[in-house]
Structures are given as structure tokens and as C-alpha cells.
Amino acid sequence: MSDFDVIIKGGVVVNAADIQQADVGIKDGRIIALAERLSGSATRTIDAGGRYVMPGGIDSHCHIEQPSSTGGQNAESWESGTRSAACGGTTTVIAFSSQEKGEGVRSQVEAYAEKAKKACIDYAFHIIVSDPTDAVVNDELPPLIDSGLRSIKLFMTYPKNRVDDREILRVFEVARRHQALVCIHAENHDAIMYMTEKLVGAGLGQTKYHAWCKPALVEREAVTRVIMLAELLDQPIQIFHVSCEESAEEIRRAQARGVKVFAETCPQYFVLTADDLEGSQREGARVLCSPAPRSVADQQALWNHVRLGTIGNVTSDHAPYNIDAPDGKFWAGDNVPFSQIANGVPGLETRMPIVFSEGVVQGRIDLQKFVAITSTNAAKLFGIHPQKGTISIGADADIVIWDAERRVTITQEMLHHDTDYTPYEGMEVTGWPAMTLSRGRLVWDEGTVDCEAGWGRFLARAPYDYIKPTGHFPTPFNPITGRIEGR
Ligand code: URP
Ligand code: ZN
Ligand code: ZN
């Protein structure tokens, strides 16, 4: 019997905290040895000379086989989505079990868990709460959180899912009682509805007006408001898909005064702008997502806030809708205004290459920061560290071996998702995953896919300190216990 199942030899191991030349020894799906030179027998030896050996990516925001918020049918299955993720260097995804208004939460989680059994890599769920009734917050959410679903998502917009401020507070309360993080899609719903009516009423329904309908201040207002609500209950939150300088600045200000607010952005906000929404409805629909793509100045500001640490996490917000399908982007018809086109872009497979190329290769961030924002920080924030997000003894052998020299022109043909386009068609990047290992199993090997539906395991998350409340309320009154405690 071999000492190791796999030895990865001669690579440069990059963690969020350090870089070292080291061999990595894997047994039974875990990393069991790290040394300058490993001796011992191995069933398989991988030569990683000249390559970086990094923790597999963690994509903590992806919509996979989920009922849509904006109409149409999600194009991806759990099998295709996680296969595509693995080919792009990602080894864990966190997707959404979505509550529809008028329904419960538990039944949705159970149905979603059945679908997720087809996953090719490990996974966890956030719970989308759209209707926080007494039964949901008092009876359904507590045991679900306690069973390991330690994150909830709230939408401040989209008629189908949105919750108002009081409902947000109700969810914050149960999250604080039971130790869950709450993630927010923050945009001002009423402002968007008003602007949509005005723009479409004026005959301005082309996709370019999607960006006019929801300018940066619509996001900034909601970000600011939800931070204040979180402060009221001392509930840790993460703001999803920060797209503009204004929101990032509000988040930074809150962080500076001690609020536990975390932030993510996505590759689309680094490389797309509102100009990409111009052209025909079909062209514009390819990049139509919410928040809307912004400006080059916003892109630079987002990088700056990544460097500063305001934004800790870059996810795909993979939201796949086909262009050429009656139930895809154009589910409401071919010539509808922007407001009836499904929102979202696919990006599970291109996330890490775009961040590497635009970040590391362009000199905006270093290798360690790349690992932090694509893997380690998400592992910590969502309670799966150090099992995930690090190359260290005892961690799962979720590893991407990175070819930093490889130049790739992104095309739809080369990708492994089930969506019929990529918004990054023709984009040139430098750096691509050469190999991906999921718990020691080689699932992507120099262009060959060897994924197995059902290989992925559900990650139940125990309570963890990273998202502990600060213990400070704005007044001596603790609204969670209903007592005066602060004097
Ligand atoms: O445009 C987007 N982001 N669509 C996906 C749904 C969501 O989370 O906003
Ligand atoms: Zn969102
Ligand atoms: Zn999303």
C-alpha cells in the first residue's frame, strides 16, 4: 500500500498567508504532508514544476438549478454547474435554496438538497427568505440553521423575493439568535420600480437603460440602509455584488466604526461597463445583470477596495439564462423592455482566470491576495475553514494547480457550463487552471474532465467565531433578549 494516494511535487504552494516551495502529500482525500521534499511512495505523482499550487476556489454566490428571481429558467443543472466550476479551478460552491412567497422554507431546502446530490464538487446552501412569517422565523429557520445552513440571503428588490425593512429585522433577529450570517442583495426597490415605469413609459426600453434605471445611488442607499438595520440588531452581514465606489465607501465607513459588515464583488464588475449594455436587445441581454455594470472608474475603485480589504471576496454570482431559448433571457418575449429580461450572467468557470489575469497579471494584487479573495476569505466567512480554503495538514485536498503563463481567449466552445453563451466571448486572459483536485480526486486534468455526478458532499456548518456579533447595540436595550443590559 502506498504512503500517499497523490504527491504533488515541485510546485510553489500559495496560501493567503504565505508562499513556499513544497511538495503536497494526499491520502484519503486530505492533505497529510507538506515538506520541501517529500519521500515515500504514491499511487500517483503530479509534477507541478513551474506552477502554483493553491487552495481550490470557493464560489460562495452561485445560482444553480434555482427558481429565478426575474423570470425564465435557470440554465444550469447541479451536474453541469459544478463540472464547469471544477474546470475553472473551483472546488466548493455555495448555492441558494429559495423560498417562494406563500411557501415554507424547509420543504424548499429538502427539495433542493435532492437536486444537489448530483454535485461533482462539495457544496453548501444559503437559504433565500422571501416571506419571513412567524412560522418561518420561529419554527422553520432555527432547526435549519442549527443543522448547518448558517447563511441566509435577503433581496431588497425583485417583486418575487423582496423583503421590507421590518422583515429584514425579523430575519436578522433569528439569525442573531441562532448564529447565521445574512447576505444581502441591496438595491432600493421602490426607486427601481419608479424609474422603470418612467423609462419604459418614455419608450426607453433598450437594455442600455437598465443602467439608467438603477444608478449607483440606488445601490448605495440600500447598502447604507441595511448596514444601519444590521447595526440596530448587531447582526453580521455580507453585502453581495458590490458594484460601485459609493457602496464600497459606505461599507468601509461602517467597517471603520466596528460594524461587522463584509463585502463581495464579482468579475463582471471588474471587466464590464454600462457601455456593454448598448447595442441590440440580444447583445445587451448578454451582460444584463443586477446591479448593473458601471464605469471604468468604479472598476478601479473596486480593485482599490479589494487591496484595502473592504471587499474580501470575489464570487461569480453565476446566474445562467440562455439567449436562444424561450425560457431563458427572453422568457417574456423577443422584444420586451430591459425590465422583463432575466437578470444575470454565467461565470462559474471564468471567475478565477479573470480575477488572476486582471488582478495578479495586471499587477493590481499579489498571489496571496488572489488566494484570499477567491478561496480563503470565503472559507472563513462561511464557516468551512480550515477544512477548505487552505493548503495545510488536515485540510481537504481541494487544490488547483495553476498555469500562470497560459494565454487563453475565452470562447463559449471551450467552456463546460450548460448556458448557451459567455459574456466574456473573445476576452484574452493569462493564467488558467491546469489541474483541479476535489478531495484528492483529479477532476480537471490539462483539458480533460473527469467529474462524477454525486462526488460532491454537502458541507454542514457548525457555529463559528468569525461571524460572532460584537455585543454592542445602539442603546442599552438588547432587542434580542428584550432586556436593558448595556448600563
Ligand atoms: O443579475 C443578477 N445578479 N441575477 C441573479 C439574481 C441575484 O442574485 O441578483
Ligand atoms: Zn443578487
Ligand atoms: Zn445572485
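Basis of the calculations
Residues numbered from 1 in each chain as written. Chains lettered and ligands numbered in written order. Predicted model: local features only at pLDDT ≥ 70, side-chain atom pairs only at ≥ 80, totals over all residues. Heavy atoms only, no water. Helix = DSSP H or I, 4+ residues; strand = E, 2+ residues; numbered from the N terminus. Rg over C-alpha atoms; globule rule 2.2 N^0.38 Å. Buried < 20%, exposed > 50% of the residue type's maximum accessible area, 1.4 Å probe, protein only. Areas by Shrake-Rupley, 256 points an atom, 1.4 Å probe, with all protein chains shown as cover. Lys, Arg positive; Asp, Glu negative; His and termini not counted. Charge placed at Lys NZ, Arg CZ, Asp CG, Glu CD. Donors = N, O, S within 2.8 Å, 3.2 Å for Na, K, Ca; no water. Tetrahedral: all angles 85-135°; square planar, octahedral: opposite > 155°, others 65-115°. Near = heavy atom within 4 Å. Polar contact = N/O pair within 3.5 Å; in protein donor to acceptor, adjacent residues only side chain to side chain. 1 Å grid on protein atoms, 1.4 Å probe; cavity = no way out; pocket = protein on both sides within 12 Å on 5 of 7 lines; lining within 4 Å. Sits in = over half its atoms within 2 Å of the grid points. Nonpolar A, V, L, I, M, F, W, Y, C, P; charged D, E, K, R; others polar. Core = buried A, V, L, I, M, F, W, Y, C linked by side-chain atoms within 4.5 Å. Contact = heavy atoms within 4.5 Å. Points joined across faces, edges and corners; volume = space filled by probe spheres on them. Pairing = 2+ DSSP bridges. Axes fitted to C-alpha atoms, helices over the stretch in contact; angles between N-to-C directions. Expected span 1.5 Å × (residues − 1). Salt bridge = Lys/Arg side-chain N within 4 Å of Asp/Glu carboxyl O.

K.L.:
I'd like a description of the overall build of the protein, backed by residues and values.
P.N.:
For the protein, the helix and strand inventory stands at 13 helices and 19 strands. For 487 residues, the compact-globule formula gives about 23 Å, and the C-alpha radius of gyration of the protein, at 22 Å, lands near that figure. With respect to the principal axes defined by its C-alpha atoms, the protein has extents near 65 × 60 × 40 Å. Looking at the 487 residues of the protein, the share that counts as buried comes to 60%. When the accessible surface of the protein is split by element, carbon and sulfur atoms take 48% of a total near 17800 Å². Of the charged side chains in the protein, 48 are positive and 64 negative, and the gap between their average positions amounts to 5 Å.

K.L.:
Describe the coordination of the zinc ion (ligand 3), listing the residues and the values that go with them.
P.N.:
The coordination sphere of the zinc ion (ligand 3) contains the protein donors His61 (NE2), His63 (NE2) and Asp317 (OD), at a distance range of 2.0 to 2.2 Å. Around the zinc ion (ligand 3), the four donor atoms sit at angles spanning 84 to 138°, and that spread fits a shape best called irregular. Each donor residue of the zinc ion (ligand 3) belongs to the same chain, and together they define the spacing H-x1-H-x253-D. Separating the zinc ion (ligand 3) from the zinc ion (ligand 2) is a gap of 3.4 Å. Note that His61 is positioned in the loop between β6 (57-59) and α1 (78-87) and Asp317 in the loop between β13 (313-314) and α12 (351-361), a separation of 256 residues in sequence.

K.L.:
Lay out the site of ligand 1 in plain terms, naming residues and giving numbers.
P.N.:
Around ligand 1, the surrounding shell holds 13 residues, and the nearest of these are His63, Lys153, His185, Ser290 and Asp317. One nitrogen or oxygen atom from the side chain of Asp317 is found 2.7 Å from a nitrogen atom belonging to ligand 1. The backbone of Gly344 places a nitrogen or oxygen atom 3.2 Å from an oxygen atom of ligand 1. In isolation ligand 1 exposes 270 Å². Once the protein is present, 97% of that is buried. Using a 2 Å cut-off from the grid points, one finds that ligand 1 occupies the largest cavity. The residue inventory of the shell around ligand 1, partitioned by class, reads four nonpolar, seven polar and two charged.

K.L.:
Requested: an account of the nonpolar core, with residues and values cited.
P.N.:
Ranked by internal contacts, the top residues of the largest apolar core, which has 108 residues, are Trp78, Leu141, Leu154, Phe172 and Phe370. Among the elements that line this core, the one with the most residues is helix α7 (residues 216-233), at eight residues. Once you skip the residues sitting within four places of it in the chain, Leu154 turns out to touch Val129, Val163, Ile168, Val171, Phe172, Val182, Cys183, Ile184 and His185.

K.L.:
Which residues make up the coordination of the zinc ion (ligand 2), and what are the values?
P.N.:
Angles at a metal have ideal values that depend on geometry: 109.5 degrees with four tetrahedral donors, 90 or 180 degrees with six octahedral donors. Looking at the metal site, the zinc ion (ligand 2) is ligated by His185 (ND1) and His241 (NE2), spaced 2.1 Å from it. With four donor atoms in place around the zinc ion (ligand 2) and angles of 53 to 140° between them, the coordination shape is irregular.

K.L.:
A description of the layout of surface pockets should follow, citing residues and the corresponding values.
P.N.:
Think of a ball as big as a water molecule: rolled over the atoms, this probe shows where empty space is left. Approximately 280 Å³ is the volume attributed to the largest pocket. If you go around the largest pocket, you meet 18 residues; those closest to its centre are Thr70, Tyr158, Met193, Ser339 and Asn343. Residue assignment for the lining of the largest pocket shows that the elements contributing at least two residues are α5 (189-201) and α6 (208-213). By residue number, the principal contributor to the lining of the largest pocket is α5, which donates three residues. Partitioning the lining of the largest pocket into residue classes produces eight nonpolar, nine polar and one charged. Considered as a void within the structure, the second largest pocket measures approximately 170 Å³ in volume. Looking at the second largest pocket, it is lined by 13 residues, and the ones nearest its centre are Glu231, Gly258, Val259, Thr470 and His472. Of the residues contributing to the lining of the second largest pocket, the split by class is five nonpolar, four polar and four charged.

K.L.:
Run through the sheet that holds β6, naming residues and quoting values.
P.N.:
If you walk across this open sheet you meet the eight strands as β6-β7-β8-β9-β10-β11-β12-β13, and the pairing is parallel. In the strand order of this sheet, the two ends are held by β6 and β13, each with one partner. Where β6 and strand β7 (residues 90-98) come together, three bridges link them in parallel fashion. Each bridged residue has a counterpart across the sheet, and for Gly57 the counterpart in β7 is Thr90. Across the face of the sheet, α12 comes into contact with β6, β7 and β13 while running at roughly 115° to β6. In the packing of helix α13 (residues 367-381) onto the sheet, the strands contacted are β6, β10 (181-185), β11 (237-239), β12 (261-265) and β13, and the crossing angle to β6 comes to about 60°.

K.L.:
Report on α7, specifying residues and quantitative values.
P.N.:
The terminal C-alpha atoms of α7 lie 26 Å apart, and with 18 residues this matches the ideal 26 Å at 1.5 Å per residue to within 8%. Of the residues flanking the end of α7, it is Asp234, one or two places downstream, whose phi is positive at about 55°.

K.L.:
An account of the pattern of salt bridges is requested, with residue identities and associated values reported.
P.N.:
The tally for this structure, following the rule as stated, stands at 31 salt bridges. Between Arg253 and Glu250 there is a salt bridge whose closest N-O contact spans 3.3 Å. Remark: Glu250 and Arg253 occur in helix α8 (residues 245-256); sequence separation between them is three residues, near one turn of the helix. The class of Glu250 is buried, set by a relative accessible area of 13%. Where Arg406 meets Glu446, a salt bridge forms, and the shortest distance between an N and an O atom there is 3.1 Å. Taken as a pair, Arg406 in strand β14 (residues 399-409) and Glu446 in the loop between β16 (441-445) and β17 (448-449) lie far apart in primary sequence, 40 residues in all. The exposure class assigned to Arg406 is partly exposed, which follows from its relative accessible area of 25%. Salt bridges sharing common partners tie together Asp122, Lys388, Asp396, Asp398 and Arg439.

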